[in-house]
Amino acid sequence: MREDERISIVKELLFAYVKSPSLRHIRDPYSVIRLAQEIVRRIDRGNSIWRKWDGQREVLLKSALGCWIPVEALRDFINEMPGPQVTATDVGQRLRAFEDEEYFSYPKEELRPGCLALYERERAEGTELPAIIGLLRDHVEQEEERLRVEQQQRYQRWREEDRMAREQRLLSGADCKWTQLQKSPHWFCRANGRTYRLSPTKDKMWNLYRVSSVTEEDERALIGKYRGRGDATKVVSQMAYQPEPRW
């Protein structure tokens, strides 16, 4: 590829990129990485080791990433397009190369059954392959969002169960890590049988108290003011095993 052709490709892609009305999008590191990848791909296309793949074939194949389209179906459709004949191995390995280049596009195994069932249904109805790919991309996007929501819900349930377990330990008198009671702004912990409370201050710091109960009013002794639980934890881990002063 001549130098003027490479410059033309870079100019075309850069002009298209900066047309975005969103300054946030233009500065987004992820978007910049995608732009850089596309520039390199477009420039290197003329010297690609993949000799059977022109622009349209690659566009079709990329659109099928993550959709679990059978390789044989892709092969048959591509062989109806202008260009040299491809084998199932050609298609499978080109897909793998795209997945390696765009690591975020690896197909999710748990979506395979649903994708294949949808594919078989649409093929039986005579739907064209590009249309099936578009339908599957929408399906994958919806399923990935569903999986994300379910994962988030499981995490929230785990956090709440963990908080309740720590709360029970605190109320039972057992040693426990920092925990909140209900929606209290205060955090309590117990170490070596001694109870401590962290209370937020107006200047976004935390007051650490040595207390005798888990009530918000108990302020037996102020130990100090700290930036966060991490700093307070270091103090508690030392004080809990030292002789206590007379309050």
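Residues numbered from 1 in each chain as written. Predicted model: local features only at pLDDT ≥ 70, side-chain atom pairs only at ≥ 80, totals over all residues. Heavy atoms only, no water.

1. Remarks on the domain arrangement of the protein
Often the size quoted for an interface is simply the accessible area lost on bringing the parts together. What counts is decided by this rule: For the domain bounds, the source is a domain assignment made automatically or taken from a database.
Along its sequence, the protein is organised into domain 1 (1–47), domain 2 (50–172) and domain 3 (175–240). Put simply, the middle of domain 1 and the middle of domain 3, counted by C-alpha atoms, are 54 Å apart.

2. Overview of the packing of aromatic side chains
The geometry of an aromatic ring pair comes down to the distance between the two centres and the angle between the two planes. Put simply, the rule is: Planes of paired rings set the category: under 30 degrees apart is stacked, over 60 is edge-to-face and the rest tilted, where pairs are Phe, Tyr or Trp rings (Trp by its six-membered ring) whose centres lie within 6.5 Å. Helix numbering and strand numbering both begin at the N terminus, where a helix is a DSSP run of H or I of at least 4 residues and a strand a DSSP run of E of at least 2. Each residue is assigned to one of three classes by its accessible area relative to the maximum for its type, calculated with a 1.4 Å probe on protein chains only: buried under 20%, partly exposed between the two thresholds, exposed over 50%. By the criterion adopted, a ring carries a charge over it if an Arg CZ or a Lys NZ lies within 6 Å of its centre and within 35 degrees of its normal.
One pass over the full model with this rule turns up 1 aromatic pair. On the basis of an interplanar angle of 20° and a centroid distance of 6.1 Å, the ring pair of Tyr155 and Trp158 is categorised as stacked. One end of the pair is Tyr155 and the other is Trp158, both in helix α8 (residues 129–172) and 3 residues apart, which spans about a single turn. Using a relative accessible area of 44% as the deciding quantity, one classes Tyr155 as partly exposed. In this arrangement the basic side chain of Arg197 is found over the ring face of Tyr209, its NZ or CZ atom lying 4.7 Å from the centre.

3. Observations regarding helix α9 (residues 229–239)
Heads up, the condition is: Summarising the geometry, the arc corresponds to the directions from the helix axis toward the C-beta atoms. Residue contacts follow a heavy-atom distance rule, with two residues in contact if any of their heavy atoms lie within 4.5 Å.
Those residues of α9 not exposed but buried are Ala232, Val235 and Val236. Looking straight down α9, one finds its buried side chains confined to an arc of 100°; they lie on one side. Of the exposed residues in α9, those oriented more than 90 degrees away from the buried face are Lys234 and Gln238. Against β1 (176–179), β2 (187–191), β3 (194–200), β4 (206–211) and β5 (221–226) lie the buried residues of α9.

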